[in-house]
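If you want the building blocks of each chain, they are given just below.
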Amino acid sequence: MPPRSSWTGFCGSWVMSEHKPLGGLFTLDYGLALPAEQRSGHGYPVFGSSGQVGHHRDLAVRGPGIIVGRKGTVGSVTWSDDSFWPIDTAYFVRPTTALSLRWLYWLLKFLPLSNLDTSTGVPGLNRKDVAEISAFIPPLPEQRRISEILDTLDRTIEATQRIIEKLQATRQGLLHDLLTRGLDENGQLRDPERNPELFHETELGLLPREWEIQPLDTIATVSAGVTLGKNLSGSGTIELPYLRVANVQDGYLDLGEVKTIRVLAKDIDRYALQDGDVLMNEGGDLDKLGRGAVWRNHEGTFLHQNHVFKVRPQPHALVSEFLAFIGASPYGKRYFMGIGKQTTNLASINSTQLKAFPVPLPSFQEQEAIVSKLLTFAIKLKAEEARLSKLQALKRGLMEDLLNGRVRVPLVESDVEEGHADRVPESSVSVNPTDLPQYIPPQPPIAAHAPMYRAATGAQTKLTEWTQALAQAVQGQQVGRYSPEALDAVLPELLALTTDRRGVLQVPEVLAKAGIRFMLLPHPSGSRANGAAFYLDEEHTQPVVGLSLRYPYLDVFWFNLLHELAHIRLGHQPVPDESLEHYDQQSPDEQAANQWAQDKLIPPECGKPS
């Protein structure tokens, strides 16, 4: 594509930014001594180096404000909406120039202040060291936008955390109900109050009358694992992976780090895991005793260590997942904590105690129904946990990009009119991906077959993972029926958006009318690709256009978008991913796409690129 400096079709405003020492922005002032016994216990929040430590009727600093850990938790950063009292283990921030205090909070959270600890005993933070830190200082309007973006994302993270906490609490209640009341023939929880005749008192409390209580060893085989420390070698031995306590979490297996051990070949069958085996911990922290997970559909031969019991349920007597849920239930945890042998640092149970574990046992069919309900709920919880993980990763990435100045945010006209910015060509204005709809996309199943796609100008690397993520992200979008005529019909509306700073926000909606799915995803690391155009189907009726924002500027955004749309409109054949690395950027198709984008974007009255 033509160099950015040659474009003359966009007008707007921008400002220059630079790196400056933090000492020119604010000072760190000492907090005031206020012993715990002198705090009134009500009124304004009191902050120490690790956060809020109480309340007091008087204030020392008018809020909002920022508290920075000086002693103890060095470099911790806390925000207070209200006026507050910082005690003498902390600093408070006093701005010395016009700035967004909330932006400064995020900047200080981002900077590694804890690395500035200068003490040899109690950790301490030196104010001069902080003042000498050089940081990217954007203009005030951009500071405000950055803080808005990060605050919005932070609120989303907090809301997701609350959802997870509610789901976890609900899960415990559901677990208790299903494992003590069970499900009737209609799939509903039995009600001991309305139908007391369906229940009877047992050694485990009130249970459905149809249920039995069986010791675990009558319905499953309990086996100890391989003992470490034997130095085996020779032709009669083999090295295999094995699971240890760290791999067996509460309800799932963590296979991120699996170690290996050499064993005698004749012992493999004794220690090998089979599909449906329940792994239950023999030792560890007291609350981790008996916690287990089911071994399902893993390729290869895996063994288990002697600190992890292998429980193999009898067919048609005990559902593996049902046993794992029983072990994780409040009843199961009470049992194992009650029998666990506590030492100085660890607790343990033995195989005799595990074999005697009383299992409340419904029919096999009812066990399957209970497991189905619990697994459905577990999927919801895992989905929220995965969403939280992605949001937290996005937050880390955005803080890195926005606070370092690698990604710039656009300024609206009102910011410029307030005198906060100087005027320069719009070609420098950046597009922030968090402003775009569906930037955090749902994760439906990926397309059934690997997509074919065409690289944007500048691609010199394979983008398989990026384009697959793009294909996955757009699956849930509802769009019209694509045709070249449908695209032609929305082009005037699309091009009208190029004169509006916020026009990029409407791109997905406009293209959806033409049957084109659109998504903006983070730029793939190590790639020089700007975007991609491909189809979700072999018939080329479901086009997708994605941009990477390698260069986060409005003129680049619009040119790349039109360039990719050109490949769709002109009927160019997609390029297989294995051909991308050597794809000819000067091919007739690429030149045609460049020309089509240029002709659509730059009206004659605005001038042509030089």
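Residues numbered from 1 in each chain as written. Predicted model: local features only at pLDDT ≥ 70, side-chain atom pairs only at ≥ 80, totals over all residues. Heavy atoms only, no water.

S.K.: Break down the confidence of the model for the chain for me, with residues and values.
M.R.: Per-residue confidence for the chain averages 82 on the pLDDT scale, and 81% of its residues sit at or above 70. Counting contacts from residues 1-16, a segment whose pLDDT is below 50, to residues more than four positions away or on other chains yields 58 contacts. Here residues 578-582 scores under 50 on pLDDT; set against residues more than four positions off or in separate chains, the count is 8 contacts. (pLDDT = per-residue confidence, 0-100. Contact = heavy atoms within 4.5 Å.)

S.K.: Could you give an account of helix α5 (residues 320-328), naming the residues involved and the relevant values?
M.R.: Burial within α5 is extensive, with 9 of its 9 residues counted as buried. The set of residues buried in α5 consists of Ser320, Glu321, Phe322, Leu323, Ala324, Phe325, Ile326, Gly327 and Ala328. (Buried < 20%, exposed > 50% of the residue type's maximum accessible area, 1.4 Å probe, protein only. Helix = DSSP H or I, 4+ residues; strand = E, 2+ residues; numbered from the N terminus.)

S.K.: Please set out the layout of surface pockets residue by residue, giving values where relevant.
M.R.: Each pocket or cavity is described by its volume, and for the largest pocket that value is around 640 Å³. Lining the largest pocket are 21 residues, with Asp250, Gly251, Tyr252, Ala378 and Lys382 positioned closest to its centre. A total of 6 residues in the lining of the largest pocket trace back to one element, the largest contributor, which is helix α8 (residues 364-404). When grouped by side-chain class, the residues that make up the lining of the largest pocket number 10 nonpolar, 4 polar and 7 charged. (1 Å grid on protein atoms, 1.4 Å probe; cavity = no way out; pocket = protein on both sides within 12 Å on 5 of 7 lines; lining within 4 Å. Points joined across faces, edges and corners; volume = space filled by probe spheres on them. Nonpolar A, V, L, I, M, F, W, Y, C, P; charged D, E, K, R; others polar.)

S.K.: Tell me about unusual backbone geometry, and name the residues and values.
M.R.: Going from glycine 63 to proline 64, the amide bond is cis rather than trans, its omega being 0 degrees. In this structure, proline 64 sits in the loop between β4 (51-56) and β5 (65-69). Backbone geometry places histidine 316, a non-glycine residue, at a positive phi of 65 degrees. The residue histidine 316 is located in the loop between β20 (308-313) and α5 in this model. Residue histidine 316 is classed as exposed on the basis of its relative accessible area of 68%. At histidine 540, a residue that is not glycine, the phi angle is positive and equals roughly 60 degrees. Here histidine 540 lies in the loop between β26 (531-535) and β27 (543-547). For histidine 540, a relative accessible area of 26% translates into the label partly exposed.

S.K.: A description of the side chain of asparagine 594 should follow, citing residues and the corresponding values.
M.R.: Mapped onto the elements of the fold, asparagine 594 is located in helix α14 (residues 588-601). At 2.9 Å, the side chain of asparagine 594 forms a polar contact with the side chain of histidine 563. (Polar contact = N/O pair within 3.5 Å; in protein donor to acceptor, adjacent residues only side chain to side chain.)

S.K.: Go over the pattern of salt bridges, please, and point to the residues and values.
M.R.: Applying the stated criterion across every chain yields a total of 19 salt bridges. When the shortest N-O distance is used, the salt bridge between arginine 194 and aspartate 191 registers 3.9 Å. For arginine 194, a relative accessible area of 72% puts it in the exposed group. Between glutamate 321 and arginine 296 there is a salt bridge whose closest N-O contact spans 2.9 Å. Here arginine 296 lies in the loop between β18 (292-294) and β19 (303-304) and glutamate 321 lies in helix α5, a separation of 25 residues in the sequence. Classification of glutamate 321 as buried rests on a relative accessible area of 15%. A cluster of three or more residues bridged by salt bridges with shared partners is formed by Arg190, Glu210 and Glu366. (Salt bridge = Lys/Arg side-chain N within 4 Å of Asp/Glu carboxyl O.)

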